[in-house]
Amino acid sequence: MTVTGLYKAGREVSLAVILPCHNEAGSIARVVADFGRELPTARIYVLDNNSSDGTAALAAGAGALVITERQQGKGNAVRRAFSEIEADLYIIADGDGTYDTRRASEMAILLLDEHLDMVVGVRRATQSGAYRAGHRWGNRLFNAIVRTLFGNQFNDIFSGYRIFSRRFVKSFPALSTGFEIETEMSVHAIHLRLPTAEIETDYFERGDGSASKLKTYRDGFRILLTVLKLLKAMRPLALFSALAAIFFVIAAALGMPILWHFIETHTVLRIPTTVGVVGLVVLGAISLITGIILDSIMLAETSYKRLFYLSLPPTRRNDA
């Protein structure tokens, strides 16, 4: 199956393959060649992120266009690519050879046939060493968190193998700097209710000489912080209402004995605690009002984002 022969407005659909890389000399030439074979009309870009092992030279030698991004982090590399590269479809994968390039054309055709904005390759480990145990459990945990907070739309929010429409790429803010970029992509699609799909793809073990750049605890914390930031930005009323509820419950637990004592004796027991209860009630009220105000702002921003997204022409085949 190939995307050759798909046309838009009388011309062939243009594809860009984006491979963010940091020290992937052992695999990058093979990955570039594999994508070139599967997508012969695509332009392949390697976003070299301060590699010191000759990754950029090997990528260029294999036929890729190399863009150097000095700001360290996968999110920075993806932002640079999305801002500079022009195409109808954008395929993003890693340069370590862990993703199955044979599914690329199928993902592209699915996106075009169903008029989607993103197709995510859901990883299916085919080798015992493809996933580290901590990464597997972390992936399940964060998938559950995102489904609970934002909606049940994705089963693999950390997958780095995706294909996008131009509409998605040019309306995506890409604020993340590191590996949390995939989480931001998923939440962006959920928030704007963009049409998406998933497709299972094999996930291979890294080749010799290639090491994961993901630090389990450091990047896990950064991803959790990103989820909280996105929750504040996209569901502020839910977040601040939950905070208000916590303040009110604590205030009630501390204040009820004082209230009953006042009703019975007309005297205030434990004045410091009473002051604390009043402070908690005030904090709860402030949190609730903050949530209402931010929710109104968020609705306006979402409308602007949606209108900007709609101002971009969709990618379609001639026969669509």
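In case you missed it, the structure is sitting above this.
Each chain carries its own residue numbering, running from 1 in the direction its sequence is written. Residue-level local features of this predicted model are given only where pLDDT is at least 70; pairs of side-chain atoms are given and counted only at 80 or more, and the full residue set underlies all totals for whole chains, interfaces and linings. Remark: hydrogens and water are excluded; side-chain values derive from all non-hydrogen atoms of the structure.

What about a nonpolar patch on the surface?
Note the cut-off: Patches here: salt-bridge-free residues with over 30% relative accessible area, like charges joined within 9 Å, nonpolar side chains (Val, Leu, Ile, Met, Phe, Trp, Tyr) joined within 5 Å. Throughout, the Shrake-Rupley method with a 1.4 Å probe supplies accessible areas, and for residues the shown protein chains are the sole cover considered. A carboxyl oxygen of Asp or Glu within 4 Å of a side-chain nitrogen of Lys or Arg is what we treat as a salt bridge. Secondary structure is summarised from DSSP: a helix means a run of H or I of at least four residues, a strand means a run of E of at least two, and numbering begins at the N terminus for each. For the exposure calls, accessible area comes from a 1.4 Å probe over protein chains only, and a residue counts as buried if that area is under 20% of its type's maximum, exposed if over 50%, partly exposed in between.
Taken together, the side chains of Met256, Leu259, Trp260, Phe262, Ile263, Val268, Ile271 and Val275 make up a nonpolar region of the molecular surface, amounting to roughly 770 Å² of accessible area. Where the nonpolar patch is concerned, the elements lending two or more residues are α9 (236-265) and α10 (271-311). Here the nonpolar patch gets five residues from one element, more than from any other, and that element is α9. Relative to the assigned elements, isoleucine 271 resides in helix α10. Classification of isoleucine 271 as exposed rests on a relative accessible area of 54%.

Here's the deal with the packing of aromatic side chains
To keep it simple, the criterion reads: What counts as a ring pair is set by centres within 6.5 Å for rings of Phe, Tyr and Trp (its six-membered ring), and what kind of pair is set by the plane angle: stacked under 30 degrees, edge-to-face over 60, tilted for all other angles. Counting as a charge over the ring demands two things of the Lys NZ or Arg CZ atom: a distance within 6 Å of the ring centre and an angle within 35 degrees of the ring normal.
Counting across every chain of the model gives nine aromatic pairs. Judged by centre distance (5.2 Å) and plane angle (40°), the ring pair of tyrosine 99 and tyrosine 161 falls under tilted. Here tyrosine 99 is found in the loop between β6 (89-92) and α4 (104-113), whereas its partner tyrosine 161 is found in the loop between α5 (133-150) and β8 (162-165), with 62 residues between them in sequence. Each member of the pair, tyrosine 99 together with tyrosine 161, is buried. Put simply, the rings of Phe82, Tyr90, Phe164, Phe168 and Phe172 pair up and form one aromatic cluster. Taking the ring centre of tyrosine 203 as reference, the NZ or CZ of arginine 123 above it sits at 5.3 Å. Here arginine 167 stacks its cationic end above the ring of tyrosine 309, 4.6 Å away from the centre of that ring.

Focus: the side chain of serine 176
Inclusion rule: What qualifies as a polar contact is a pair of N or O atoms within 3.5 Å, subject to a donor-acceptor requirement within protein and to the restriction that residues adjacent in sequence count only when both atoms come from side chains.
Within the secondary structure, serine 176 sits in the loop between α6 (166-171) and α7 (181-191). Looking at serine 176, its side chain comes within polar contact range of the side chain of glutamate 184, at 2.7 Å.

Things to note about the environment of methionine 185
Our working definition: Contacts are assigned to residue pairs with any non-hydrogen atoms lying within 4.5 Å of each other.
Along the polypeptide, methionine 185 turns up in helix α7. The spatial distance from the C-alpha of methionine 185 to the C-alpha of alanine 174 is 7.8 Å, given a sequence separation of eleven residues. Ignoring anything within four residues of it in the chain, the contact list for methionine 185 reads Val78, Phe82, Ile92, Met118, Arg162, Phe164, Phe168 and Phe172.

Observations concerning the sheet that holds β8
Heads up, the condition is: Strands were regarded as paired on the criterion that DSSP finds at least two bridges between them. Axis definition: a line fitted to C-alpha atoms, over the contacting stretch in the case of helices. Angles run 0 to 180 degrees between N-to-C directions.
With mixed pairing, the seven strands of this open sheet are ordered in space as β5-β4-β3-β6-β8-β7-β9. The open sheet is flanked by β5 (65-68) and β9 (196-203), the only strands paired with a single partner. Within this sheet the neighbouring strands show an average axis-to-axis angle of 20°, counted without direction. Alignment of strand β3 (residues 15-21) against β6, held across four bridges, turns out to be parallel. By the bridge assignment for β6, valine 17 is matched with isoleucine 91.

A word on the side chain of glutamate 69
Along the chain, glutamate 69 turns up in the loop between β5 and α3 (74-84). For glutamate 69, a relative accessible area of 6% translates into the label buried. Within the local environment of glutamate 69, its side chain forms a polar contact with the backbone nitrogen of glutamine 71, the two atoms lying 2.9 Å apart. In contact with glutamate 69, other than residues within four places in its own chain, are Asp48, Asn49, Asn50, Asn76, Ala77 and Arg80.

Quick word on the packing of α3 against α7
Quick reminder of the rule: Oblique is the label for any angle not under 35 degrees, not over 145, and not in the 65 to 115 range, which are roughly parallel, roughly antiparallel and roughly perpendicular in turn. Here the nonpolar group is Ala, Val, Leu, Ile, Met, Phe, Trp, Tyr, Cys and Pro; Asp, Glu, Lys and Arg are the charged ones; every other residue, Gly included, is treated as polar.
Where α3 meets α7, the axes come as close as 9 Å, and the angle between the chain directions of the two elements is 55°. In terms of orientation, α3 and α7 fall into the oblique class. Contact with α3, carried on its side by Lys74, Gly75, Val78 and Phe82, involves Ile181, Glu182 and Met185 of α7 and no other residues of that element. Among the residues making up the contact of α3 with α7, the classes are represented as four nonpolar, one polar and two charged.

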